[in-house]
Amino acid sequence: MDQVKNYLLPPKAPREYGFFVDGRWHEGRDQFERLSPGHGVPVTRTAKCTPEDLNAAVVSARRAFEDRRWSGLSGAARGAVLLRVAEILRQRRDEIAYFETLENGKPIAQARGEIDHCIACFEVGAGAARLLHGDSYNSLGDGLFGMVLREPIGVVGLITPWNFPFLILCERVPFILASGCTMVVKPSEVTSATTLILAEVLAEAGLPDGVYNVITGSGRTIGQALTEHPDVDMLSFTGSTAVGRSCVHAAADSNFKKLGLELGGKNPIIVFADSDLEDAADGAAFGISFNTGQCCVSSSRLIVERSVAAEFEKLLAEKMARIRVGDPLDEATQVGAITTDQQNTTILDYIAKGKAEGAQLVAGGQAIDLGKGQYIAPTLFTGVSPDMAIARDEIFGPVLCSMSFDTIEQAIELANDTVYGLAASVWTKNIDKALTVTRRVRAGRFWVNTIMAGGPEMPLGGFKQSGWGREAGTYGVEEYTQVKSVHVEIGKRSHWIA
Ligand code: TXE
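Report follows, based on the coordinates. (Residues numbered from 1 in each chain as written. Predicted model: local features only at pLDDT ≥ 70, side-chain atom pairs only at ≥ 80, totals over all residues. Heavy atoms only, no water.)

1. Side note on unusual backbone geometry
Here is step 1: At Thr 292, a position not held by glycine, the phi torsion is positive, near 50°.
Here is step 2: Note on placement: Thr 292 falls in the loop between α10 (277-289) and β16 (299-305).
Here is step 3: A positive phi angle, close to 55°, is found at Asn 449, a residue other than glycine.
Here is step 4: Its place among the elements puts Asn 449 in the loop between β24 (445-448) and β25 (463-464).
Here is step 5: A relative accessible area of 30% places Asn 449 in the partly exposed class. (Helix = DSSP H or I, 4+ residues; strand = E, 2+ residues; numbered from the N terminus. Buried < 20%, exposed > 50% of the residue type's maximum accessible area, 1.4 Å probe, protein only.)

2. Considering empty space enclosed by the protein
Here is step 1: Scanning all chains against the criterion turns up 3 cavities of 30 Å³ or more.
Here is step 2: Taken as a whole, the largest cavity holds about 70 Å³ of empty space.
Here is step 3: Lining the largest cavity are 13 residues; nearest its centre among them are Gly 293, Ser 298, Ser 300, Glu 394 and Phe 396.
Here is step 4: When grouped by side-chain class, the residues that make up the lining of the largest cavity number 6 nonpolar, 6 polar and 1 charged. (1 Å grid on protein atoms, 1.4 Å probe; cavity = no way out; pocket = protein on both sides within 12 Å on 5 of 7 lines; lining within 4 Å. Points joined across faces, edges and corners; volume = space filled by probe spheres on them. Nonpolar A, V, L, I, M, F, W, Y, C, P; charged D, E, K, R; others polar.)

3. Let's talk about the sheet that holds strand β21 (residues 399-405)
Here is step 1: Read across the sheet, 7 strands follow the order β17-β20-β21-β16-β15-β23-β24 without closing on themselves; strand pairing throughout is mixed. Sheet topology places β17 (360-363) and β24 at the edges, where each strand pairs with a single neighbour. For this sheet, the mean inter-axis angle between neighbouring strands, taken without regard to orientation, is 25°.
Here is step 2: As defined by bridge partners, strand β20 (residues 379-382) adjoins β21 across 3 bridges and the pair is classed as parallel. Within β21, the residue paired with Phe 381 across the bridge is Cys 401.
Here is step 3: Across the sheet, helix α15 (residues 431-440) lies against β15 (267-271), β23 (423-427) and β24, angled at about 170° from β24, the strand it touches most. (Pairing = 2+ DSSP bridges. Axes fitted to C-alpha atoms, helices over the stretch in contact; angles between N-to-C directions. Contact = heavy atoms within 4.5 Å.)

The values are spatial; any link to function lies outside them.
In structure tokens:
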């Protein structure tokens, strides 16, 4: 990578990648060229795989699962490989962060922090591999003993999106590997590089051939075929709710594969008058601007107590105006580029819709012209009513809508007034209010006086239309297992036939 003092440059030529099946690299017949969203220059070329390539990957994963080359190892041996992965990731951290930034447009400093989180995922996965266990029932009477075994579910298909290509991958892969499963991964076509780099890392760490396979290509062809594949036992999909729905249909129409789904969100951030308003405003600005609001857990609906609403919105608008939006390769940048052209158009369309719906624009609201790439200023709308499209739809951009409440019941009702249930945040110094809201708002991840905090020990996933199942931590490993009840008779059988 080219570096000038404290400032990285895009590469002079794109890096080329094949795809990875059965422990070997293969060349695609066609290629997809990715332009960096922050600079508009070609940064990577990846293979457009065919349905035959996908089939070969599933055959490889199936063979590796059935001969027990991975699931037959002890948890300690699997854990040792995962710890070696963590070590190699530590060495390759800057390189992986660089390609993540080039393809996704996120700030380089943020990308490095994400790789640190990914390293922790492998460390937690290593421990989880050793601790995975079933249960026993010593309560079935003297003649019978019951055991509950946890077994890996088999071949897992893993489809990941472009907003956190490496992080979302690493919140799943170590836990899938800890369970003893094998897998076929299909990253987003615009951000495949770091998923392919992980193949090199896993191989170097000693993962047996065929356990981790990567095929690249479009969602409509290769992704859809993976969801429909009759020899895939489980599919973990992270992406839009619309495609999540098509995964459910595909599973029903093929082999009833088990599904893990992490889908959209329209996450509330509830601010009470008794909170530390400076802290809450910083949290709200971060919660909507981090990763340009392209997070499934972005806090995109501000629900603020009416008595402090005007003061809080003013404070927040001032903070949002000070966020440093800029070239993702600049160390000082806090908010980088919008990842895809389509997403850029979607966000700008929603900003126009918000104005047309009668909401007041008090911060941002426009594209930022840096002479290259695509950028949008962190945006705040006030005077939003719950029926407006900007308050209901997942915009997936740095656009925050502010609504007000008078009572805790109203706050809870507004927070739950969405088809989604991925995450929520509440800010108050009153423990009763904090716990009441935490109990009553339906969301899979909750933050009290903080936002987007946490580590890979804690499970991730959504309520309602935000998805099914949980990823990460011991819950995440268990998702990729199934339980078998084993009954053992002790002593002489009491005979049925006299
Ligand atoms: O997602 P897609 P897109 C939301 C967000 C965003 C919208 C669209 O609101 O604006 O989705 O983004 C693969 N069968 N989220 O269009 O299409 C695709 O190749 C199987 C929220 O990029 O769902 C990619 O690997 N797979 C979300 C992955 O699915 C298919 C993160 C996600 O792409 C497929 C991303 C198909 N028919 C977007 N079509 C979150 N929860 O964080 C596409 N794919």
